[in-house]
Structures are given as structure tokens and as C-alpha cells.
Amino acid sequence: MRQLRRFAYRLRHWLRPPAAAALAPLLACWRAEGNLAQLDWRRAELLVVDAEMSSLQVAAGELLSVGWVVIAGGEIQLHSARHLLLKPEQGVGDSATVHHLRDCELEQGIELESLMQQFLQAAAGRALVFHHAPLDLAFLDRSSRRLYGAPLLLPVIDTLQLEKRRLQRSHAPLVPNSLRLASCRARYNLPDYPAHNALVDALATAELLLAQLAHKGGAIRVGALLG
Amino acid sequence: MAKAAQMSPELQGIRDFLVQCVPFDQLSEAQLEQLVGAIVISYHRRGHVFHAAGDEGGLRILRSGAAELRSQDDSLLDRFGERVGFDLKGLELEQSGVRATLIEDSLIYRLPEESYRALRKKDRDFDRFFHSQRSRRMRRAGMYESGSEEMMQQVGDLMTRNLLVVAPTTSIQQTALLMSQRRVSSVLIQADSSLLGIVTDRDLRSRAVAKGLGGAQPIAEIMTANPQTISADSTVFDATLLMTRNGIHHVPVLEQQALAGIITASDLLLARRDDPVYLVQHIGRQDTVAGIREHVKLLPDLMVQWVNAGVNAARVSRVLTAVSDAVTERLIELYVEASGPPPTGFCWLGFGSQGRAEQLLGSDQDNALLIAEPVEGEAAEWFTGLATWVCDGLNECGYVYCPGKVMATTDEWRQPLAGWRDTVDRWTRSPTSDAVMRVSIFFDLRCIYGDQALCEQLQQHMLAKAGSNTIFLAALAENALANTPPLGIFRQFVVERNGEHEHQLNLKKRGVLPIIDLVRVHALAHGVSAVNTIERLQALADAKVMSIEDSRNLQDALRLIMQTRIQGQVRQLTAGVPADNYIDPAELSRQVRGLLRDSFSLVADAQQSIKLNYRAGL
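Residues numbered from 1 in each chain as written. Chains lettered and ligands numbered in written order. Predicted model: local features only at pLDDT ≥ 70, side-chain atom pairs only at ≥ 80, totals over all residues.

Trainee: In this structure, what is going on with the overall build of chain B? I would like to understand it.
Mentor: When helices and strands are counted, chain B shows 25 helices and 21 strands. Buried positions account for 40% of the 618 residues belonging to chain B. Put simply, 73% of the contacts in chain B that link residues at least 6 apart link residues at least 24 apart. (Helix = DSSP H or I, 4+ residues; strand = E, 2+ residues; numbered from the N terminus. Buried ≥ 20, exposed ≤ 12 C-beta atoms within 10 Å, placed from the backbone. Contact = placed C-beta atoms within 7 Å.)

As C-alpha cells, then:
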């Protein structure tokens, strides 16, 4: 359903662009999608992303940093790892205790426009992967709307949803915290990582996805994984 | 987008992991950063197989999980867990058809072939490490040999500065007189502070007296002109070589081109004062137990010196065994001196580590008396007295009483040959666990003193009885499997959970003994009469009952564990605490830890093969 809505929305923008010039970077990214959904995941490229923000409420918070890493050919490519810091509009506030980013570090950050540009270049032709996509996407979509006049509308895989479906299928009880990234990783014999840094979390999510797909086994189309 | 020239600091975690892996710990920061950027990560389920043929190559390192390597004929080559890397293409060169199977779900870091080759090309140590994996890597590490420290001492520190120098015109008689007064065996002839020649005691005899040369003749007539000299900063080794090559015993020593002293063959011998040969000789000259004990007390210090000088563990234990043999021998001699000659032939037997010539410090005594024929009355008392005297003496010298009472003082361990034969028959006929334990001690026997032939007769009887008895062999094999190497589910050292040795490994019980036990089973089954474990392994390979590879691997494993154990003891002695057999794996270097784990897995495999070969008799 969500896929359909995505295409409908995109079609509308295509036909009646609100401001064609502003939309250009996003349009380029959309065009690069091609037949991605039809490919086996090992032949496709995936961009695993994690974002840190100053609040869990979209209305109150802002993006602080984004980290990502590419999965290609069924393997995580460490050379593709990026970690970008944003120059905040407001102070970091209380969330500094969670993600260890302090104002002074963020001072050296880049502008949102530059971040989104790099992000869209990395996302072109790839499906996005998040652990708990709605939160990160809400912030990225808001940034996209602000800059390009439209949400991202890119294909998205959510490792939390994959895990939830798997647990429900095996009738395992969903206890609190059982879907957190670290809890999911532990089920696949993945090592402990220090949490809460956008790139480390992106890498941790990427490994989780590889583990989930290895356990599913066989050929899996990207389309079957999309939320 | 340009490739990252620099490692993102957030990938520090991956770098930190890599440096925990041998040999990545040897690489520079810059090399590591480059590596991290090149790594690709994959995840595979248990049961996934990597075949060498058609593999994309590169070095795979287990980030989590466990794997095993198997050869084409399905025999297990290695089994390992996280932090261990394998290069299938490289392994394929050594072992065609090799494959790696994951035995747990595994997260794998792969350094692609191109980067891996580039690194090996640039970094020689890194290359050498991977040149051939495991068994050869271990063999190299087991051979810890280096030159002895004594041989590296400087001549200047040992030479005699008390020089007798005369002018070339001094008469032969005058020179001889001066030599006698100064109690020196050589004289140097010098003019205008330049060295012209040397004359020794022997020259006086052969060149003057024997030829009837008058004492009034000048000394220059009989001197060796332009003698060989050596500089003060040369080593004992250099001096020894110079003397043996030229057949001389006196060499003038120069310091900054000027005559400074003389070094003689006996100076060189004295320099080797910590030579065990001298220790053994000294022990043989003592007349009291206290005198012997004084010499045995030197052993811990000497062992530290030997090990620090690079003497390997096998040699150190041979020397320590030679010393305990000498103590036993001297105690028996003292008893014979005091109580008269033995009423009949006998043989003093050493067992266990003494029997195998594998003793280290703190060994307890395991011994027995083998008497040629049954004795009664006074004759029996003579032997009881001997046993008591020797065992008490050994205890006083630090070889404490055997807690299991394996000593000649007990009636069971002091018997005539016929009695011993019956005992062996009984043990092998009904292999209770107690009997098996006793036989496993008894089978490692050696004649320490007395009639060697008696010992051989008994040994032949044992080999004949035990080797053909499959039920007995099965029981012995069972016993050999009682102590397993301290490896957890393929990767962690299993350390003591609590008590005095928490977090430590008992290298004797869990490392050395399992090897000794399983090699003994093979030796007994195949009638090998050697007793030393390394010799047994060689004999087993020679007799083609064990493959050369297996034999070597076990020898290497034993050497490495022994070496680790002895170095642990040296560390303890240096720190002023008594030496024991425990070691904390955390205190070992990463490389030794890796090698130790390799050794343990070899032992575990060898135990498996014992299980298959002998336990069928049960």
C-alpha cells in the first residue's frame, strides 16, 4: 500500500512540479531507481542510514548528524562509510547525553543543503535501510520538503519491521525492548557495538540486515523487503 | 563522490578489533587506516562452506562466530573462533581442495585479494606470518633457540690482568724462576712496548729442557713469535674458536691495540660456571645430604639464567632431570658407603617426569626398587634401609614425597623382578582405574642407578603384556582422555573459575599431561620402548604408526606448552614467588596466546583420534 502511495505522490509531482528547479536533485534520485525492486538483494545496492536528532519529536527537534554505509554484492563496503555533522539551528539541548554530540562539535558541521545533496547522491539507485525507519524518515522528509518541496519518497527497508514480522511468524512474544537494535543483533550472534553514533548505528543496522537475509536464505527481491 | 582518503573516526571500533588480531597488531596506524577502508563485511549462517576453488580470495577474519578448515579427504585441519583469519587461496597452495565451513553463524570481515596482496608485498612480517598457516607457524615458534649468554661474555671481563712481561734478552732460567714465583703458566716477551712473542710452560718443557738448551740462553730463542692476539671486546665464543682452530691455550688480549691481559683455556672453562656439568660433578662430590641440598638450592636461579639465555624448555628439563638423577645416585652411593655393598643386584627406578627426563622445578619423587631376586631378613632390611634413606634424602633436597605414595619405601613399589612381573600381570588383567593410573606412571620408567638389564627385562615384559591387550589399551585410552585441553567451545581458554588460581590455566594438568598420556597409549600399543615423549613421538613416526605430520605437530605443541610453562615459572621466580604450573592467559603476548590455542586444538584432535582407535576395545 505504502509503495502505491509513494508512486502516486511521485507521479503527481512529476506531472505538476511545484517548483521544478528546486525539485531537480530529488527528481534525479527518483529516476535512478529503475527496476531496483525486481532485483535480488545481492545484485542491488542498499544504503544503510542512521540519523541522530536533538529530539524524538519532529516538531521540536532537528537533525544533528547522519551516517551511512553501502551494501553491494551482498557485502558491506567500508570504503563507502560516511558520517556527516550538521550545523544546528538551535542548541543540542538535553539530547547530548544520548548521542554525545556537543554544540562545539556541531559548530564544525555543514549546512543542511550540503548534507542533503550528498545524501541524495549516495541514495541514487539504492534502497534505503533504517532500523525503525519512521523516526529517521520523518526528519529526512521534513528536510527534503523544506529544500525541494517534496518528501524523499525513496524505497525503504526497515530492519525493525523485518524482525517484528519474523518474531510474529515464529509466535515469539514481543517483550519490551526486544526490537531494539542491540537486542535484534544479539539474536544473530552479532558483536556488541558502542551505541549512538550515526555511522556506528548504520553499520550495526547493515550487519543486522545481512544476518536477517542470511537467515531468510535463498533469493530475495528487494521489493519483498520494502515497507 | 571521491573515495574517503581517511578512515572515518567512527570506524575506530573496527580498527580496534583488527589490532586484536595477530598479526595486525604489528601494523602501523597508517596501514591500519587503509585496511579499514578496504574491508568488506558479510554474514553467513552455520554450515556455509567456502571452497578454495572459485573463491574471490582475500583474507577473511572472523568478527564473530567460529569455523573449521577441512582438507579434501575431510580431515580436520583447524578450528577457530573470532579474531582468527584465513586465506583460502594461500591454504589451497599447501593443501589442495581445502575448504572452510562455518560452525556458527558468523560475521566475517574480508580484506579483498588486491589489498591483501598489496599489504603482504609491502610488509614482510605480515607476509611471513601468512606464508604458511598454523603448523609451520608453530614449528618456528617452538624453536626458541638462541646463543647461550655465557658464550657472549666479553674476553675483557674474564682475562687475567696479572701479566708477566720480560725483555727478549732475559735468560730462560730467569724467566722460569719468575713464572714460578708469580704462579703463571705463560710469559709475554715485549720490547719498546710492542709484543714480540709468548712462552708457555709447555714451551719451556718441549723447546728448552727436552732439547738440552742451556738456561742461560735468551728467552727469545724459544718464544712463539708474533703470537695470535684477541681484542678485549671479543666474546668467549670468539676466543674459544681462536684457540681450537690454532691449537693454543693462551692468547694475549689487547685493549686499544695495547697489551692488557691474557686469556687461557681454563679461564674460558671457569666462565661457564653455571654449566650444569659442573653442578652435577659438585653434587657427586658431596658427603652429606645437607651438602647436596646446598647445590640443589641453586637450581631456581640457574634455571632463570638458562631460560633467559635462550636454552629451550626440553634442554632445561633434561638438565634438571640430570641433576635429580645425580642427587639420587649420590644418595645411593652414600648409603652403600655406610651400610656395605648390596646383598644382591638391584635397580633404582625413576618414574613420571624423572623417568621421561622431562622434569621441571618442584617435581615430586616417583620411584621404585627393582631387586634381582627375592630377599629376606637382613638382605630385605638392607633394601628397606636404602629406600628410606634415599626417599628421605630426596625430600630434604626439595623433591618432596609422592602424595600418591609411589615410592620405594612402600612394599608395593619395592619388589623382586618376579614380584613386579606378577604385579604388572595383575594390573593389565583387571584394568581398574587405579591399576590404569599406576601403569601409566609405571610405564614411564628409567633406570637411575644399578643394573640396567633388570629394568629392560621388566619393561619388555610390560610392553608384551600391555601392547596386545586391547581391553587394557581401551582403559588406558579412557584415562588419557580424562584431562582435556582447556579450550571452550572452540575459542576461549577455560580458566579456573575461582580459588587461588582464578583466571589461570594449569599448563601441566591441562596442557602437558594430555599430550604425555595420549602419546603413552600409542607407544604402549606399538611396543615403543622410548620413554621421553619427544623420542616416543619420533619413534612412532619412524615406525610409521603415526604420520610424520601428526608426530611433528604434537612435538611442536608440547614444546610450545613446555616453553610457555617454563617461561611462566621464570617470571614467577624473577618476581620472587614460588614457581607453579599456572599461567594467566591475559599475561601472554597475543601471539603466544594464539599459538597456545593452536597447540590445544591439536591436542584435542589427537585425543579424538585416540578415542576412535582404542576405545573400541571397551
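Trainee: Please explain the overall build of chain A as it appears in this structure.
Mentor: Within chain A one finds 10 helices and 5 strands. Across the 227 residues of chain A, 38% fall into the buried class. Pairs at least 24 residues apart make up 69% of the contacts formed inside chain A by residues separated by at least 6 positions.

Trainee: It is not clear to me how the interface of chain A and chain B should be interpreted in this structure. Could you clarify?
Mentor: Across the boundary between the two partners, chain A contributes 25 residues, which contact 24 residues of chain B. Breaking the side of chain A that touches chain B down by element, the ones donating at least two residues are strand 3 (75–85) and helix 9 (198–216) of chain A. Looking at side-chain class alone, the side of chain A that touches chain B contains 13 nonpolar, 9 polar and 3 charged residues. In this sheet, strand 1 (residues 40–44) of chain B lies alongside strand 3 of chain A in antiparallel orientation, the contact comprising 2 bridges. By the bridge assignment for strand 1 of chain B, Ile76 of chain A is matched with Ile41 of chain B. (Nonpolar A, V, L, I, M, F, W, Y, C, P; charged D, E, K, R; others polar. Pairing = 2+ DSSP bridges.)

Trainee: Would you take a moment to explain the nonpolar core for this structure?
Mentor: Considering soluble globular proteins, one finds that nonpolar side chains tend to be buried as a cluster. Counting 101 residues, the largest nonpolar core has Val316, Leu349, Leu369, Leu370, Leu476, Ile515 and Val521 of chain B as the members making the most contacts within it. In this structure, this core is formed jointly by two domains, domain 3 (274–455) and domain 4 (469–618) of chain B, each of which donates at least three residues. Sequence-distant contacts of Leu349 of chain B, that is, excluding residues within four places in its chain, are made with Asn367, Ala368, Leu370, Leu445, Arg446, Cys447, Ile448 and Cys455 of chain B. Of all hydrophobic cores here, the second largest spans 90 residues; its members include Val66, Leu85 and Ala202 of chain A together with Ile108 of chain B. (Core = buried A, V, L, I, M, F, W, Y, C linked by C-beta atoms within 7 Å. Domains from an automatic or database assignment.)

Trainee: Mind showing me how you'd approach the sheet that holds strand 12 (residues 224–225) of chain B here?
Mentor: Strands belonging to one sheet form pairs held by backbone hydrogen bonds; the direction of such a pair is parallel or antiparallel. All names here are of chain B. If you walk across this open sheet you meet the 4 strands as 9-10-11-12, and the pairing is mixed. Each edge of the sheet is formed by a strand with only one pairing partner; in this case those strands are strand 9 (165–166) and strand 12. As paired elements, strand 9 and strand 10 (residues 186–191) share 2 bridges and run parallel to each other. Paired with Val166 across the two strands is Ile189, which belongs to strand 10. Helix-sheet contacts for helix 9 (residues 201–209) involve strand 11 (194–200) and strand 12, and the interaxial angle to strand 11 is about 75°. (Axes fitted to C-alpha atoms, helices over the stretch in contact; angles between N-to-C directions.)

Trainee: Explanation requested: the sheet that holds strand 18 (residues 414–416) of chain B in the structure shown.
Mentor: All names here are of chain B. Spatially, 18-17-16-19 is the arrangement adopted by the 4 strands of the open sheet, whose pairing is mixed. In this open sheet, the two edge strands, each paired with only one partner strand, are strand 18 and strand 19 (446–450). For this sheet the average axis-to-axis angle between neighbouring strands, irrespective of direction, equals 30°. Across 4 bridges, strand 16 (residues 346–350) lies against strand 19 in antiparallel orientation. Opposite Trp348, over in strand 19, you have Tyr449 as the bridge partner. Where helix 17 (residues 377–396) meets the sheet, its contacts fall on strand 16, strand 17 (367–371) and strand 18, and the angle it forms with strand 17 comes to roughly 160°. The strands touched by helix 20 (residues 452–467) are strand 16, strand 17 and strand 19; relative to strand 16, the strand with the most contacts, the crossing angle is about 60°.

Trainee: Just checking my understanding: could you explain unusual backbone geometry for this structure?
Mentor: Residues apart from glycine generally show negative phi values, whereas peptide bonds are mostly found in trans. Residue Asn189 of chain A is not a glycine yet carries a positive backbone phi of 65°. Looking at where Asn189 of chain A falls in the secondary structure, it is placed in the loop between helix 8 (181–187) and helix 9. Looking at Asn189 of chain A, the number of C-beta atoms within 10 Å reads 17, which means it is partly exposed. The backbone phi angle of Gln256 of chain B is positive, close to 45°, even though this residue is not glycine. Summarising the element assignment, Gln256 of chain B is placed in the loop between strand 14 (250–255) and strand 15 (258–264). By C-beta crowding, Gln256 of chain B is classed as exposed, having 7 other C-beta atoms within 10 Å.

Trainee: What am I meant to see in the packing of helix 21 (residues 470–480) of chain B against helix 22 (residues 507–525) of chain B here?
Mentor: Describing two packed helices takes the angle between their axes plus the distance from one axis to the other. Residues and elements named next belong to chain B. The interhelical angle for the contact between helix 21 and helix 22, taken along N-to-C directions, is 165°, at an axis separation of 8 Å. One finds that helix 21 runs roughly antiparallel with respect to helix 22. For the pair helix 21 and helix 22, the sense of crossing is left-handed. Each of Leu473, Leu476, Ala477, Asn479 and Ala480 in helix 21 lies in contact with helix 22, whose residues at this interface are Asp517, Leu518, Val521, Leu524 and Ala525. (Parallel < 35°, antiparallel > 145°, perpendicular 65-115°, else oblique. Left-handed = near helix turned anticlockwise from the far one by under 90°.)

Trainee: Is there a simple way to think about the confidence of the model for chain B in this case?
Mentor: One rule of thumb: low pLDDT means the predicted coordinates there are not for detailed reading. All names here are of chain B. On average, residues of chain B carry a pLDDT of 84, and 91% of them reach 70 or more. Taken together, the stretch residues 1–5 has pLDDT below 50 and engages in 4 contacts with residues farther than four places along the chain or on a different chain. A low-confidence stretch, residues 134–148 stays under pLDDT 50, and its non-local contacts, those more than four residues away or across chains, total 28 contacts. In the model output, the complex is listed with pTM 0.48 alongside ipTM 0.85. (pLDDT = per-residue confidence, 0-100.)

Trainee: Teacher, can you tell me more about the pairing of strand 2 (residues 63–72) of chain A here?
Mentor: It is a general feature of regular strands that their side chains alternate between the two faces of the sheet. Residues and elements named next belong to chain A. Counting buried positions along strand 2 gives 9 out of 10 residues, so the element sits mostly inside the fold. Alignment of strand 2 against strand 3, held across 7 bridges, turns out to be antiparallel. In the sheet register, Ala72 faces strand 3, and the bridge partner there is Glu75. The antiparallel pairing of strand 2 with strand 3 creates a hairpin that spans 2 residues between the two strands, and Gly73 there sits at a positive phi of about 60°.

Trainee: Is there a simple way to explain helix 6 (residues 133–148) of chain A in this structure?
Mentor: Residue pairs three or four apart in sequence face the same way in an α-helix, which turns once every 3.6 residues. Residue and element names in this part refer to chain A. What helix 6 keeps buried is the set Asp136, Leu137, Phe139, Leu140, Ser143, Ser144 and Tyr148. For helix 6, the arc enclosing every buried residue in end-on projection is 165°, short of the 170-degree limit, so these residues lie on one face. The exposed set on the far side of helix 6, more than 90 degrees from its buried face, consists of Arg145 and Arg146. Once helix 6 ends, the next one or two residues include Gly149, with phi positive near 80°. (Arc of directions from axis to C-beta.)

Trainee: How should I be thinking about the environment of Glu52 of chain A in this particular structure?
Mentor: For Glu52 of chain A, the position within the fold is in strand 1 (residues 45–53). Once the C-alpha coordinates of Glu52 of chain A and Ser65 of chain A are considered, the two residues, 13 residues apart in sequence, prove to be 5.2 Å apart.

Trainee: Explain the environment of Pro168 of chain B here, please?
Mentor: Residue and element names in this part refer to chain B. For Pro168, the location among the structural elements is in the loop between strand 9 and helix 8 (172–182). According to the C-beta neighbour criterion, Pro168 is partly exposed, with 15 such atoms within 10 Å. As a C-alpha pair, Pro168 and Leu188 span 20 residues in sequence and 9.2 Å in three-dimensional space. Contacts of Pro168, omitting those with residues within four sequence positions, involve Ile189, Ala191, Leu196, Pro218, Ile219 and Ala220.

Trainee: What am I meant to see in helix 9 of chain A here?
Mentor: All names here are of chain A. Between the first and last C-alpha of helix 9 there are 27 Å, a value that for 19 residues agrees with the 27 Å anticipated at 1.5 Å per step. Among the 19 residues of helix 9, 16 are classified as buried, and the element is accordingly described as predominantly covered. Residue Gly217 follows helix 9 closely and has a positive phi angle near 75°. (Expected span 1.5 Å × (residues − 1).)

Trainee: Whenever I open this one, the environment of Ser599 of chain B confuses me. Can you help?
Mentor: Residue and element names in this part refer to chain B. When you line up the elements, Ser599 lands in helix 25 (residues 590–614). C-beta crowding within 10 Å serves as the criterion here: with 26 such atoms nearby, Ser599 is assigned to the buried category. Along the chain, Ser599 and Asp556 lie 43 residues apart, while their C-alpha atoms are 7.7 Å from each other.

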